Amino acid sequence: MTAALLLFAGFLVGGLALQAIVIWGDGDQEFIIAFVAFAAMFLLSSIVFLAVHVFRDVRSAANVAVLLLLVVIGVAALGLVVIDLLEDPNHGAIAGSLPIIAGLTVPNAFAVIAQWAIVRWRGRPAPPAHMFGRGPVAPV
């Protein structure tokens, strides 16, 4: 149930964000790459959040996963801005590329945050350490 909810909600939130950015940016054929990049990143983040369920403490593993995925998305956004600035050193040119850069990164961040929220909501808390009068003992 969590996996289906994770996939549905993440794709819905990210897809709606991407559609809003395309409308805001008066999208053309250039936004086809944004839809492809969203699908690829969504698949990657879904695999990561589904793999989080094998850890003992799902919630803390989800926290680490969301931080890593958001760092990857942030580095990608920064890389796109740097590539755009290196291509044309005129600093006013970034305004023309802002919708496509936002279309490539923002929906992925929204999808990752939605998936993280669902994993945190549905994830089981870590079981308490076994205490037999001598302190915490590793589970057998």
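Rules used in this analysis
Residues numbered from 1 in each chain as written. Predicted model: local features only at pLDDT ≥ 70, side-chain atom pairs only at ≥ 80, totals over all residues. Heavy atoms only, no water. Helix = DSSP H or I, 4+ residues; strand = E, 2+ residues; numbered from the N terminus. Buried < 20%, exposed > 50% of the residue type's maximum accessible area, 1.4 Å probe, protein only. Contact = heavy atoms within 4.5 Å. Axes fitted to C-alpha atoms, helices over the stretch in contact; angles between N-to-C directions. Parallel < 35°, antiparallel > 145°, perpendicular 65-115°, else oblique. Left-handed = near helix turned anticlockwise from the far one by under 90°. Nonpolar A, V, L, I, M, F, W, Y, C, P; charged D, E, K, R; others polar.

Participant: How should the environment of Ala-102 be read in this particular structure?
Facilitator: Turning to its location among the elements, Ala-102 is positioned in helix H4 (residues 94-122). Judged by its relative accessible area of 13%, Ala-102 is buried. Ala-102 sits 80 residues away from Val-22 along the chain, and the two C-alpha atoms are 9.3 Å apart. Excluding its chain neighbours within four sequence positions, the residues that come into contact with Ala-102 are Ile-21, Trp-24 and Pro-107.

Participant: Sorry, what's going on with the packing of helix H1 (residues 2-24) against helix H2 (residues 32-51) here?
Facilitator: To describe two helices that pack against each other, one gives the angle between their axes and the distance between the axes. For the pair H1 and H2, the least separation of the axes is 11 Å and the interaxial angle reads 155 degrees. Between H1 and H2, the crossing angle belongs to the class labelled roughly antiparallel. For H1 against H2, the interelement crossing comes out right-handed. Contacts from Ala-3, Leu-6, Leu-7, Gly-10, Phe-11, Gly-14, Gly-15, Leu-18, Gln-19 and Val-22 of H1 reach H2 at Ala-34, Phe-35, Phe-38, Phe-42, Ser-46, Phe-49 and Leu-50. Of the residues assigned to the contact of H1 with H2, the class counts are 12 nonpolar, five polar and no charged.

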